[in-house]
Amino acid sequence: MTVNLEVADGVGTIRLDRPPMNALDIATQDRLRELAEEVTRRDDVRAVVVWGGEKVFAAGADIKEMQAMDHAAMVVRSKALQDSFTAVARTPKPVVAAITGYALGGGCELALCADFRIAGDNAKLGQPEILLGLIPGAGGTQRLARLVGPSKAKDLIFTGRHVKADEALALGLVDRVVPAAEVYEQAHAWAARLAAGPALALRAAKESVDGGLETDIDTGLTIERNWFAGLFATEDRETGMRSFIEEGPGKAKFR
């Protein structure tokens, strides 16, 4: 398999495994969608890490495979391409990308689907599709602009340049830079911490933020209000408030 899933302590690790560069061919895209849908369904997965291994996250699409496709073929394939990445982005559980080495093109777009990005000090990110006479096609023009703003996104997309980890951090493209050898460990620790939290409240928070960004503020406030009120029907809310009153903040044990 070009993508594998391992589950431990409530954390599901979606591991890209297509040496040497984790090129995202059609089979890898489809497998990624399958595993994203699986972690969404599984109750034993409460948070997710997307990882490419110690050397590289993903260096982009399989260019040889794409070169053989004509317009008609890509009209059919482009929706499935986007759907595979959107399946990761729409997972209603916290997702962290653990980025080592290259995260270019589709690799960068996959990282953009995460809620949080931890990069190694050896990471290089970018959207170089313009150098092929193309534009990003797996969400890059949309998710990158929403994350770093339109001007910074256009700089990266128009030039196709790579940015090192320190510049990616300054741009807001990644959230933390750590030694490359510690990337997966720190990403797993971030996910494990959230895996022990209130699952429905985390889902509500994620869907409120993501849904609100796609609409006007009044509609966003309605989304937030409905989730907020709905959580008063959950066991986690009862556990959290009872623990706060009896033991103080931050000590609740959620099931």
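Residues numbered from 1 in each chain as written. Predicted model: local features only at pLDDT ≥ 70, side-chain atom pairs only at ≥ 80, totals over all residues. Heavy atoms only, no water.

### Some words on the nonpolar core
Link 1 in the chain: In this structure, F57, I99, L125 and L173 are the most contacted members of the largest nonpolar core, which totals 44 residues.
Link 2 in the chain: No other element matches the five residues that helix α3 (residues 71–89) contributes to this core.
Link 3 in the chain: In this view, L125 contacts I99, A103, L104, C108, R161, H162, V163, A168, L173 and V174; residues no more than four positions away in its chain are not counted.
Link 4 in the chain: Formed by 14 residues, the second largest nonpolar core is a distinct cluster that contains V49, I118, V178 and A195. (Core = buried A, V, L, I, M, F, W, Y, C linked by side-chain atoms within 4.5 Å. Buried < 20%, exposed > 50% of the residue type's maximum accessible area, 1.4 Å probe, protein only. Helix = DSSP H or I, 4+ residues; strand = E, 2+ residues; numbered from the N terminus. Contact = heavy atoms within 4.5 Å.)

### Some thoughts on the environment of G230
Link 1 in the chain: Locating G230 in the fold gives a position in helix α10 (residues 217–230).
Link 2 in the chain: When its relative accessible area of 40% is taken as the criterion, G230 is described as partly exposed.
Link 3 in the chain: The spatial distance from the C-alpha of G230 to the C-alpha of A204 is 9.2 Å, given a sequence separation of 26 residues.

### A few points about the side chain of N22
Link 1 in the chain: By the element assignment, N22 lies in the loop between β2 (11–16) and α1 (26–41).
Link 2 in the chain: Accessibility expressed as a relative area gives 4% for N22, which makes it buried.
Link 3 in the chain: Reaching out from N22, the side chain makes a polar contact with the backbone oxygen of F57 at a distance of 3.0 Å.
Link 4 in the chain: Apart from the residues within four sequence positions on either side, N22 is in contact with L16, D17, G52, V56, F57, A58, A59 and G60. (Polar contact = N/O pair within 3.5 Å; in protein donor to acceptor, adjacent residues only side chain to side chain.)

### Points about the sheet that holds strand β7 (residues 124–126)
Link 1 in the chain: Sheet architecture is open: three strands sit in the order β5-β7-β8, paired in mixed fashion. The sheet terminates laterally at β5 (102–104) and β8 (162–164), the two strands that pair on one side only. Neighbour to neighbour, the strand axes of the sheet diverge by 20 degrees on average, direction disregarded.
Link 2 in the chain: Where β5 lies against β7, three bridges are found, and the strand directions are parallel. Across the sheet, Y102 pairs through a bridge with K124, a residue of β7. (Pairing = 2+ DSSP bridges. Axes fitted to C-alpha atoms, helices over the stretch in contact; angles between N-to-C directions.)

### Some words on the packing of aromatic side chains
Link 1 in the chain: What the rule picks out here adds up to three aromatic pairs.
Link 2 in the chain: Relative to W190, the ring of F116 has its centre 5.0 Å away and its plane inclined at 5 degrees; by these criteria the two rings are stacked. A residue pair is termed long-range when its members are at least 10 positions apart, and F116 in strand β6 (residues 116–120) and W190 in helix α8 (residues 183–195) qualify at 74 residues.
Link 3 in the chain: Exposure remark for W190: the relative accessible area of 19% places this residue in the buried category.
Link 4 in the chain: Both rings, one in F228 and one in F232, keep their centres 5.5 Å apart while their planes meet at 75 degrees; by these two values the pair is edge-to-face.
Link 5 in the chain: With relative accessibility at 38%, the residue F232 sits in the partly exposed group.
Link 6 in the chain: Over the aromatic face of W51 sits the side chain of R15, whose NZ or CZ is 5.0 Å from the ring centroid. (Phe/Tyr/Trp six-rings, centres within 6.5 Å; stacked < 30°, edge-to-face > 60°. Lys NZ or Arg CZ within 6 Å of the ring centre and 35° of its normal.)

Coordinates in, geometry out; function isn't part of it.
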